[in-house]
Amino acid sequence: MPDKPMATGWFAQKALPVLRRQQRRISRRWRNLRSQIAPRIAVLGTTGLALPGKAMDLQSPQIKTARLRGLDAMVIGPSTVSEEHGTGAAVVIAPTVRNMLIRAETHSVPTVLVVEAAQQLETPLAAVVTHLVTADHQLLGPLRDFAGAERTMLLEQPTNRTAVTRILLELTSAHFRPGA
Amino acid sequence: MSTPVCGVLGQLTPASQQQAEDMVTAAQQEGVELQAAGHNETGIFYTAAGTSAAGVASVLWNAAGELPAALAPTKNPATDWTAAAREADACGIHQRSDGSWILHGSVSGTQVLYVYEAPGGVVLFSTRLRWLTRAAEQLSPDWQSWTEIIAFGAPLSGRTTFAGIHRLKPMEYLETTGEGRVNRGAAHWAWEDYTPQPVSDLQDITEATIGHMSAQMRPYIAEAGTANPMLSGGRDSRMLTALALNESAETTEVTAWTTSSDSGTALEELIAAQVAETLEVDHRIITGRYSQFAQDFTEYADAVDYQASFHFWLMPVVRRLKETPGPIFDGIGGGVLLGGGFADPPNAHRLSRQDLVAARIGSRARYLTEAQKVLAETAAAGVSSRSSAAAEPVAQQYLDHPNGHTLTSYLLRTVPGIAPAPAKVLGRAQPTLMPMVSDPVAQLALSLPHEVKADGAWYPYLLKAADPRLEGMETADDLMGRRHHKRRIASVEAAAYLGGLIQNGPASGLLAPQLREADLSAPGGLMTWQRMLNSQRPQHLIRGLAMLTLWLQEHQGQLKDSDPVKGVQNA
């Protein structure tokens, strides 16, 4: 069980949370403004969506150093979901994708999985991304059961780049969507 | 698997024997079959196995199950129970040759055993609190314990949510006298004797520590032929995973299990996956569905008998572990004993004694800094003052101890609040071992100077000794950016459940006006709850209130006084 020590000084208890909140508020406003003008979306694998970003080549040596900081979202295609472990016993996240996700987490980049089949919800990748989208009306219910209404969205027009971008920004830019 | 045990000590009467049968019936209603395992005129007890083949009325158990004779540290635990409790970290009940009984807790205090001093001089005991309450006619709430659950996450000093029902603390015991009277006492706690000593060879100590953990795991892995280490993004769990692999034969199926602790990041799961790949171990990530939040929360509350409010997120992985035979290894106690995270800061010597006590208590009840956002004014003041007052004797007791902060943290948080998760929740799924709170490991760790362990300084040695491939690997904490994941507990689904539960229950009068009056059917009202649940400290306080509400629902009609507002404010 995690049982971690906590700093108890005045700065850690009082000042740091306030400073962090302010920092988050400023960066959110800045990101929202910038995203409206020039959205930055990275793509892993084949998504079947019309997106402004170009798909990253997971086989490329440059993938390890690709700049992720400041991305609005990293969209992950269903084809990259997982691979069989060496023993064949378990489905695991492909190491290249996992390492990209670790970097995305470190830079607080939202990660959006495109779901095409309900079985994808049983994979480890679905458990670690921040958001899930689907173009299939029938999958929206299972998606919401799995990840909640605020983390999931239906892509009504998956081939319309403007509509897809708008949905992705709407989904990932607000932490609370109580009307969802 | 954690052994179910219950019974009665004292001069048995038809009424007390009926109470014992009531407990057995309550267990049966939960699908647990118990058989009489020992009986005379001053005591009776039941276990799943019943009377042993040798006909000896004695049993030692912990969350890994009943100890087979081969693993029992002493041949005669009735006369040498302190050795059994210490060396096997086991609870036990034993009939002595003169017919008297001894019932005892474990050295770490992480094993859970409740005792109820019932009217009439008899003492009922059980590993499950609910069975005790089913045998009691009427019970009084211990409102003081609820101030502690809200503030610390669990009742302190062996209290429970019922007056007269007590959880055995480290090395605490009950024994019957010849006349059938029951005395409660505590044997010396050896961990108080373990103090920092100069280190001549840290490598030797490191290897001995690893050796002790491995030795505990070995027989369980060998017997099951499988192993289920819990693997997070931290150091303790990867150490145990590596040791489980070291102790496994080629044919042993080792599966490392990871879940989300709902902390607002997926780094724990991702780093765990990276570790699993490095160690070449089968790995599963099991997280909770949002539509199952209420089910997970209520099942966790039930599993820990409403006595802790921390680990509701464990339930999805526990369901899977129930279907996966093999011992579970949990790293409880690693941070506090091996990680050196709970030593006083270097400037502690400049603090006054009272400030040092307050600092040690405050670090465990830090959630109260946000109390006014969640609790009504009088409730916040009551919870704050009464919970701190309850913690003070523990902090005072170890104020001048060289491991003072470590022992204070251990007794205020690890034992009451964290231990129910491995002991009661994981232990219900499969046999669960907690190697880091075993006596030899605690002895070695507590005997190291603070500077050797401070800020995790000992971990590189331990990890390298466990498996050189772990050397230098980052942890989730090392990489943590902003916690930008939606916490499940702060979702609309969870906020609607928890908000509705508390607002519509008897504890609503304890809520701050903004939460009490928030309209959950409107997005704005729901968001008020979501914002509170998204922040660790208010969330902790809300979990405590939700636990209180569920407990009142469970025991309604059996409680003498069920007004939590009056109770908590005037505890």
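Criteria and thresholds
- Residues numbered from 1 in each chain as written.
- Chains lettered and ligands numbered in written order.
- Predicted model: local features only at pLDDT ≥ 70, side-chain atom pairs only at ≥ 80, totals over all residues.
- Heavy atoms only, no water.
- Helix = DSSP H or I, 4+ residues; strand = E, 2+ residues; numbered from the N terminus.
- Buried < 20%, exposed > 50% of the residue type's maximum accessible area, 1.4 Å probe, protein only.
- Domains from an automatic or database assignment.
- Buried area = accessible area lost by both parts, 1.4 Å probe.
- Axes fitted to C-alpha atoms, helices over the stretch in contact; angles between N-to-C directions.
- Parallel < 35°, antiparallel > 145°, perpendicular 65-115°, else oblique.
- Left-handed = near helix turned anticlockwise from the far one by under 90°.
- Contact = heavy atoms within 4.5 Å.
- Salt bridge = Lys/Arg side-chain N within 4 Å of Asp/Glu carboxyl O.
- Phe/Tyr/Trp six-rings, centres within 6.5 Å; stacked < 30°, edge-to-face > 60°.
- Patch = residues over 30% accessible without salt bridge, like charges linked within 9 Å, V, L, I, M, F, W, Y side chains within 5 Å.
- Areas by Shrake-Rupley, 256 points an atom, 1.4 Å probe, with all protein chains shown as cover.
- Lys, Arg positive; Asp, Glu negative; His and termini not counted.
- Charge placed at Lys NZ, Arg CZ, Asp CG, Glu CD.

### Side note on unusual backbone geometry
All names here are of chain B.
- In this model, D89 sits at a positive phi of 45°, which is unusual for a non-glycine residue.
- Mapped onto the fold, D89 is located in the loop between α2 (81-87) and β6 (91-95).
- When its relative accessible area of 7% is taken as the criterion, D89 is described as buried.
- Its identity as a non-glycine residue notwithstanding, D305 has a phi of 55°, on the positive side.
- By the element assignment, D305 lies in the loop between α8 (293-303) and α9 (315-322).

### Considerations on the domain arrangement of chain B
All names here are of chain B.
- Here chain B is described as being made up of domain 1 (5-188), domain 2 (202-332 + 429-479), domain 3 (342-412) and domain 4 (488-569).
- Averaged C-alpha coordinates put domain 1 and domain 4 at centres separated by 33 Å.
- Approximately 1,600 Å² of surface area, both sides summed, lies buried where domain 1 meets domain 4, with 63% of it carried by carbon and sulfur atoms.
- Taken as a group, W143, W146 and I150 account for 44% of the area that domain 1 buries against domain 4, more than any other trio of residues on that side.

### Focus: the packing of helix α11 (residues 353-364) of chain B against helix α13 (residues 377-397) of chain B
Residue and element names in this part refer to chain B.
- The N-to-C vectors of α11 and α13 enclose an angle of 115°; their axes lie 9 Å apart at closest approach. Between α11 and α13, the crossing angle belongs to the class labelled roughly perpendicular. Of the two possible hands of crossing, α11 and α13 adopt the one that is right-handed. Contacts between α11 and α13 involve Q354, V357 and I361 on the former and, on the latter, S388, A391, E392, A395 and Q396.

### Some details on the pattern of salt bridges
Residues and elements named next belong to chain B.
- If you walk through the whole model with that rule in mind, you get 31 salt bridges over all chains.
- Between D439 and R86 there is a salt bridge whose closest N-O contact spans 3.4 Å. With D439 in helix α16 (residues 439-446) and R86 in helix α2, this pair connects stretches of sequence that are 353 residues apart.
- Residue classification places D439 among the buried positions, given a relative accessible area of 6%.
- Judged by relative accessible area, R86 falls into the partly exposed class, the value being 28%.
- Among the ionic contacts, a cluster of salt bridges with common partners joins E30, R128, R130, R134, D302, D305, K424, R428 and E554.

### Some details on helix α22 (residues 523-533) of chain B
- Buried within α22(B) are the following residues: B:G525, B:L526, B:M527, B:W529, B:Q530, B:M532 and B:L533.
- The inward-facing, buried residues of α22(B) contact α12 (371-374), α20 (492-503), α21 (513-516) and α23 (536-555) of chain B.

### Describing the packing of aromatic side chains
Residue and element names in this part refer to chain B.
- For the structure on display, the rule yields 13 aromatic pairs over all chains.
- Where W143 meets W551, the ring centres are 6.2 Å apart and the plane angle is 85°; that geometry is what we call edge-to-face. Of this pair, W143 sits in helix α4 (residues 143-152) while W551 is found in helix α23, placing the two residues 408 residues apart along the sequence.
- The class for W143 is buried, based on a relative accessible area of 8%.
- Geometrically, the ring pair formed by F297 and Y497 is edge-to-face, given 6.5 Å between the ring centres and 65° between the ring planes. Linking F297 in helix α8 with Y497 in helix α20, this pair joins segments that are 200 residues apart in sequence.
- Among the aromatic residues, ring-to-ring pairing joins W143, W146, F162 and W551 into one connected group.

### Examining a positive patch on the surface
- Taken together, the side chains of A:R20, A:R21, A:R24, A:R25, A:R28, A:R29, B:R482, B:R483 and B:R531 make up a positively charged region of the molecular surface.
- If one sorts the elements of the positive patch by residue count, helix α1 (residues 10-37) of chain A sits on top with 6 residues.
- Note on placement: A:R21 falls in helix α1.
- Among the residues examined, A:R21 registers a relative accessible area of 36% and is labelled partly exposed.

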